[in-house]
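Structure assessment
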Amino acid sequence: MADKTDPALPVIEVRALSMREMWDSTIAWFSTHSLQILIAIGAGVALYMLLAALRQVGKRWRGKPGDTLGFANVAGRAVARTTHFFMVMVAARLVAGYARPPELLFKTIVFLFTIAAVFQVALWTREIVLGLIERRTLAEDGQGETLANAMGLIRVLVTVALFAIALIVVLDNLGVNVTGLVAGLGIGGIAIGLAAQGIFSDLFAALSIIFDKPFRRGEVITYDQTTARVEKIGLKSTRLRAMTGEKKVISNANLLQKEITSLQTLTQRRVTFALGIVYQTPEEKAEAIPALLRRIVEDEGFLFVNAGLVRFGASSLDYELNFDVPDPDTHDYFQARHRIGLSIWKRFNAEGIEFAYPTQTSFTAAPDGRMIMPYPEVQPVRRVEG
């Protein structure tokens with residue numbers, strides 16, 4: 001007759017026996033080491049209260065939303081994330097050796113302490129990393145919305161990475177072979193990265209813009225042949241408003257590959273004027289033009305750089321004037337050019353200096369090469385007095 005005994009019953013019986021042995025040994029330990037246990041419990045409570053007090057200090061250090069974020073605030077955030085389970089297990093682990101608990105109970109305490117310590121370190125590391133990122137990028141530049149959007153994704157990535165490492169460490173301490181798990185995670189990460197290469201490219205470009213700050217929201221920048229004001233820096237693209245009014249949208253990765261010129265942080269802006277005068281201008285007036293231009297620029301309150309004759313044009317003597325507009329946020333660039341242009345025109349008219357305009361002079365010659373007039377010379381009419 002076949003044995004119909006359930007094969008799982010011996011396993012259940014072994015587990016029940018182990019639990020019974022642990023319970024019996026714990027009762028015997030309590031009865032023989034009651035004094036040491038009471039002292040250990042008191043020490044454990046004192047350690048717990050000390051850690052709880054440090055946790056409260058960390059909560060006060062972490063600051064309030066909108067405050068300046070310093071290193072003390074970052075450390076306070078990390079300390080404030082200390083869990084009660086970790087504090088209990090630290091106290092239990094530190095006093096377990098003094099009370100000499102049974103081996104099975106001691107191993108259980110060590111195991112729970114290992115789990116609590118590993119995940120607590122992951123929590124502390126996450127808070128420190130996120131705090132340092134916020135401190136590096138905190139929005140004096142008006143990028144609060146972009147930073148908030150990016151921080152949500154950064155928090156997810158940092159949390160997944162740190163807690164995956166913590167889980168592997170715990171499994172390794174339990175004796176589990178994690179080599180295959182690590183290899184699988186690596187292959188999976190590579191596959192996801194290749195599948196979403198374009199998305200991650202724009203994402204990391206956005207993070208580069210936020211952290212490195214090549215430009216900020218509200219700045220006027222020039223790239224390629226476009227001059228525009230930055231309206232919003234998103235996780236995938238940047239939105240700009242061209243000086244002619246059009247809305248421009250460009251991916252972050254594509255934008256960072258271009259040469260970007262920022263016009264926002266100029267301490268002064270250079271203006272170049274080209275002007276031409278007629279060849280018939282007297283020599284002394286032509287020679288005095290640079291000094292005259294200098295006085296015009298300085299009278300208008302701008303910074304003179306240089307001025308002088310640069311070329312002999314087809315129908316003019318060509319001069320060039322360079323001057324700087326200080327504090328371009330206050331003095332409008334185009335208004336400065338307008339004022340200087342009008343001042344030059346008025347002063348040249350007052351000095352009798354004529355601006356040149358395209359002209360041509362035609363000469364005719366006889367067959368022998370002599371210059372002749374293209375029309376008969378008119379003899380002056382003599383008046384006869386009666």
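Heads up: the structure comes first, above all this text.
Now for a description of the structure that goes with this document. Predicted, not measured: the structure shown is a model, and the values here were computed from it.

1. Some thoughts on the sheet that holds strand β8 (residues 317-326)
Pairing is antiparallel in the open sheet, where 3 strands are placed in the order β6-β8-β7. At either end of the open sheet lies a strand with only one pairing partner, and these are β6 (268-277) and β7 (303-312). Across the sheet, the mean angle separating the axes of adjacent strands is 20° when strand polarity is ignored. Here β6 pairs with β8 via 10 bridges, running antiparallel. Along β8, the bridge assignment pairs Arg 270 with Asp 324. Most of the contacts of helix α10 (residues 283-299) go to β7, to which it runs at about 150°, and overall it touches β6, β7 and β8. Seen against the sheet, helix α11 (residues 333-351) touches β6 and β8 and runs at an angle of roughly 30° to β6.

2. Some words on the pattern of salt bridges
The tally for this structure, following the rule as stated, stands at 8 salt bridges. For the salt bridge of Glu 127 with Arg 126, the shortest nitrogen-to-oxygen distance reads 3.5 Å. Each member of the pair, Glu 127 as well as Arg 126, carries the same accessibility label: buried. Across the pair Arg 270 and Asp 324 runs a salt bridge whose closest N-O atoms are separated by 2.8 Å. Of this pair, Arg 270 sits in strand β6 while Asp 324 sits in strand β8, placing them 54 residues apart in sequence. Residue class for Arg 270 comes out partly exposed when judged on its relative accessible area of 46%. One network of salt bridges, with partners in common, ties together Arg 81, Arg 126 and Glu 127.

3. Here's the deal with the sheet that holds strand β3 (residues 237-242)
Hydrogen bonds between backbone groups are what pair the strands of a sheet, and the pairing can be parallel or antiparallel. Here we have 5 strands laid out as an open sheet, ordered β4-β3-β2-β1-β5, and antiparallel in their pairing. Looking at which strands have only one partner, the edges of the open sheet turn out to be β4 (247-251) and β5 (260-262). Averaged over all pairs of adjacent strands, the angle between strand axes in this sheet comes to 40°, irrespective of strand direction. Pairing of strand β1 (residues 220-223) with β5 involves 3 bridges; the strand directions are antiparallel. Each bridged residue has a counterpart across the sheet, and for Ile 221 the counterpart in β5 is Ser 262.

4. Structural notes on the side chain of Glu 127
Topologically, Glu 127 is positioned in helix α5 (residues 103-137). Among residues more than four places away in sequence, those in contact with Glu 127 are Val 74, Arg 77, Ala 78, Arg 81 and Arg 155.

5. Description of α11
The periodicity of an α-helix, 3.6 residues per turn, causes residues three or four positions apart to be oriented the same way. Taking 1.5 Å of rise per residue, 19 residues should cover 27 Å, and α11 covers 27 Å from first to last C-alpha, within 8% of that figure. Along α11, the positions that sit buried rather than exposed are Tyr 333, Ala 336, Ile 340, Ser 343, Ile 344 and Phe 348. Taken around the axis of α11, the buried residues stretch over an arc of 125°, which confines them to a single face. Along α11, the residues that are exposed and aim more than 90 degrees away from the buried face are Phe 334, Lys 346 and Ala 350. Phi turns positive one or two residues past the end of α11, at Gly 352, with a value near 75°.

6. Concerning the side chain of Thr 222
Mapped onto the secondary structure, Thr 222 falls in strand β1. Of the polar contacts made by the side chain of Thr 222, one reaches the side chain of Thr 227; its length is 3.0 Å.

7. So, the nonpolar core
Formed by 21 residues in total, the largest nonpolar core has its most connected members in Ile 277, Leu 293, Phe 323, Ile 344 and Phe 348. Elements that contribute at least two residues to this core include exactly β6, α10, β8 and α11. Among the elements that make up this core, the one with the highest residue count is α10 (6 residues). Setting aside residues no more than four positions away along its own chain, Leu 293 makes contact with Leu 275, Phe 304, Ala 307, Leu 321, Ile 344 and Phe 348.

8. Points about the pairing of β8
Counting buried positions along β8 gives 8 out of 10 residues, so the element sits mostly inside the fold. Alignment of β7 against β8, held across 8 bridges, turns out to be antiparallel. Its bridge partner lying in β8, Arg 311 is registered against Asp 318. Hairpin connection of β7 to β8: 4 residues between the antiparallel strands.

The rules behind these values
- Residues numbered from 1 in each chain as written.
- Predicted model: local features only at pLDDT ≥ 70, side-chain atom pairs only at ≥ 80, totals over all residues.
- Heavy atoms only, no water.
- Pairing = 2+ DSSP bridges.
- Helix = DSSP H or I, 4+ residues; strand = E, 2+ residues; numbered from the N terminus.
- Axes fitted to C-alpha atoms, helices over the stretch in contact; angles between N-to-C directions.
- Contact = heavy atoms within 4.5 Å.
- Salt bridge = Lys/Arg side-chain N within 4 Å of Asp/Glu carboxyl O.
- Buried < 20%, exposed > 50% of the residue type's maximum accessible area, 1.4 Å probe, protein only.
- Expected span 1.5 Å × (residues − 1).
- Arc of directions from axis to C-beta.
- Polar contact = N/O pair within 3.5 Å; in protein donor to acceptor, adjacent residues only side chain to side chain.
- Core = buried A, V, L, I, M, F, W, Y, C linked by side-chain atoms within 4.5 Å.

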